[in-house]
Amino acid sequence: MLDRNAIEVGLGRRPADVVFRGGQLVNVCTAEIYPAEVAVAGDKVAAIGNVSATIGPDTEVIDVAGAYMVPGLIDTHVHTEVTKMSITSFARAVLPHGTTAVHTAFDQISPVKGIDGVRYMLDEAAELPLRVFNDPASKIPYTTPPSTLAASIGPRDHEIAFTWPEVTGIAETTFDFIRLGDEDVFDSIAQCEARRLVVHAHAPFVTGLELAGYLNCGARDDHECYSVEETIEKLRNGMYCLLREASISHNVVDCIKAVTEAHLSSRHVSLCSDDTDTSTLLELGHMDHIVRLVISQGVDPLTAIQMATLNAAEALRLDDRIGAIVPGRFADILLVPDLQAFRVAATYVGGKLIARDEQMALELRPPARPADMLQTFNLTPLTPEDLAFHTDLPDGKARVITMYIPPSGSFVRKRRDAELLVQEGIIWPDPASDVLYVAVVERYNDTGSRSTAFMSGYGLREGAMATSLSPDDENVVCIGADTLSMATAINRVAELNGGQVIARGNEILTELPLPIAGIMTDLPPEELAAREHKLKDVARSLGCAVEDPFMWLIFTPITAIPEYAIIDRGFVEQATLSFVDPVLGPVI
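Predicted model only: the values in this text are computed from it and were never measured. (Residues numbered from 1 in each chain as written. Predicted model: local features only at pLDDT ≥ 70, side-chain atom pairs only at ≥ 80, totals over all residues. Heavy atoms only, no water.)

Colleague: Can you lay out the sheet that holds strand 9 (residues 169-174) for me, pointing to particular residues and giving the numbers?
Modeller: Within a sheet, neighbouring strands are paired by backbone hydrogen bonds and run either parallel or antiparallel to one another. In spatial order, the strands read 9-10-11-12-13; together these five strands make up an open sheet with parallel pairing. Every interior strand has two partners, whereas the edge strands, strand 9 and strand 13 (269-272), have only one. This sheet shows a mean twist of 35° between the axes of neighbouring strands, independent of strand direction. Relative to strand 11 (residues 219-222), strand 10 (residues 198-202) runs parallel, the two sharing two bridges. Residue pairing in the sheet places H200 in a bridge with D221 of strand 11. Contacts from helix 6 (residues 183-195) reach strand 9 and strand 10 within the one sheet, and its direction differs from that of strand 9 by about 145°. (Pairing = 2+ DSSP bridges. Helix = DSSP H or I, 4+ residues; strand = E, 2+ residues; numbered from the N terminus. Axes fitted to C-alpha atoms, helices over the stretch in contact; angles between N-to-C directions. Contact = heavy atoms within 4.5 Å.)

Colleague: Got a sec to walk through helix 2 (residues 87-94)? Specific residues and values, please.
Modeller: Counting buried positions along helix 2 yields seven of eight residues, so the element is predominantly enclosed. Close packing links the buried residues of helix 2 with strand 7 (99-104), helix 3 (110-125), strand 8 (131-134), helix 11 (278-284), strand 17 (359-360) and helix 18 (525-541). (Buried < 20%, exposed > 50% of the residue type's maximum accessible area, 1.4 Å probe, protein only.)

Colleague: Could you give an account of the pairing of strand 23 (residues 450-456), naming the residues involved and the relevant values?
Modeller: With six of seven residues buried, strand 23 is to be regarded as a mostly interior element. Taken together, the two bridges between strand 19 (residues 396-404) and strand 23 define a ladder with parallel strand orientation. Looking across to strand 23, one finds that M403 is bridged to M455. In this structure, strand 22 (residues 435-441) lies alongside strand 23, joined through seven bridges in antiparallel fashion. Of the residues in strand 23, the one forming a bridge with V440 is S451.

Colleague: Describe in detail unusual backbone geometry, supporting the description with residues and values.
Modeller: Most of the time, phi is negative for any residue but glycine, and the peptide bond is trans. Omega for the bond connecting T144 with P145 falls within 30 degrees of zero, at 0°, which places this linkage in the cis form. With respect to the secondary-structure elements, P145 resides in the loop between strand 8 and helix 4 (155-161). Cis geometry is found at the peptide bond from P562 to E563, where omega equals -5°. Among the structural elements, E563 can be located in the loop between helix 19 (549-554) and strand 28 (564-567). In this structure, E424 takes a positive phi of about 55° despite not being glycine. Note on placement: E424 falls in the loop between strand 20 (414-423) and strand 21 (426-427). The phi angle at L577 is positive, at roughly 50°, despite the residue not being glycine. By the element assignment, L577 lies in the loop between strand 29 (570-573) and strand 30 (578-579). Looking at L577, the relative accessible area reads 8%, which means it is buried.

Here it is, written out as structure tokens:
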């Protein structure tokens, strides 16, 4: 990007706006650390090294007192809406931790508001000191078979989005889209190729010839690496691997062994947070936490920093703008006293102080919200009868498939068969045997589309939990021990125009309103985290054994995750991407 002022400053013919001096430059391009100064012109790095010639009478000189000057951290793949924070609140939460750029699809607002919703988020982000880059979803709905949504995204929307300066390509190009030959996705990939934009992948457990075939669609990077073996194979096949450390997907410790034990080059390895709740972010940190985790696994601090900066920028094809403290890049600079401990003392974006000692140095205020963003529900109140699982089987017992949440924490839903009571045309849940109802209810157009199936592994003995934040369709998902509690929770979510609710019988035990598109809030991060803790505490009091119950619940409609999913139209088997009956038959 041509910047004539920066050229003049770099040549020493014009004074810099800001000069950082007295520190150690972490040069991720050469993997060196050495004493250097940094001259800033406008929001760009104009020169590094000895920049005394750029200091004028009005230049702000910042003495960093021996600190390391580290490039701003980049989250290569994050769904900011899953934190439940608006993008303004999200920026408030991550900037003090040294995250200066994020790459996000805004694919949770997409089923609610389509490409206009993505633009709405980007317009809000444009007013923030956080660099937000966007890769619209490869296709909405993601689910196969498709869910019932308020809006969709396809090739014509990509034609619009690809003219935006924030856009890098398309997101979540699932293996299933490629395997099944989805023509809309192929159309969008062709548009990416014509504009040299990136096809960002979603290919969990894809290896062998399936991986080879998939990579011929042009997929460049993948955040779906679950093991060191999978990571090694993807790296060997030329992919950038974005190792994930999220609230419930903890993949870094195993996958980083591709570097520490298999001794592969780290240059195609970067890091991401993917799906993280606010309480996790505030307690552990954001990308700084993941860098610390990588260092704790035996990776040299400089290499770990490269993963979260230069490697990340190159994976996203943004290395002409971010990822290093070198001339021509944005002056996004962190001051870090100790690289091994990696605590961020100060965050500068474009050469301006944004946060110090993990506190914001300026106030960020969200915009006024338009009415259409706060009223996205059209759902007639449900009765308990609406949520029961009806059957033609005679009274007795039925054998059913349940979606089982394994205690290992692996982000999959396994099959676990169970025997349940059939009485008066209904198959009933059995909380005593850890078999619950799970339901998805369409919430946009009052179509009456809804389905009920069975889930196990939650441990919930009584009550119900419901949420309208539910990637990737944002319909209402509810798990419960009885239909009265489920109807109470779902109806309250609708009354709130979005939220997360726990109910028991007719009683609301706790709730978290999410009024922005039914999935986000402008609550300060600290207050939101406290509300998240309350939800977890109440869920545990009802017997829930899952560490982060709502984070598990919200993802049940994603059909790209093995082995089963549920959408408003029915129960889905991931292997065949088709509706299946969870009832196997009567117990003889």
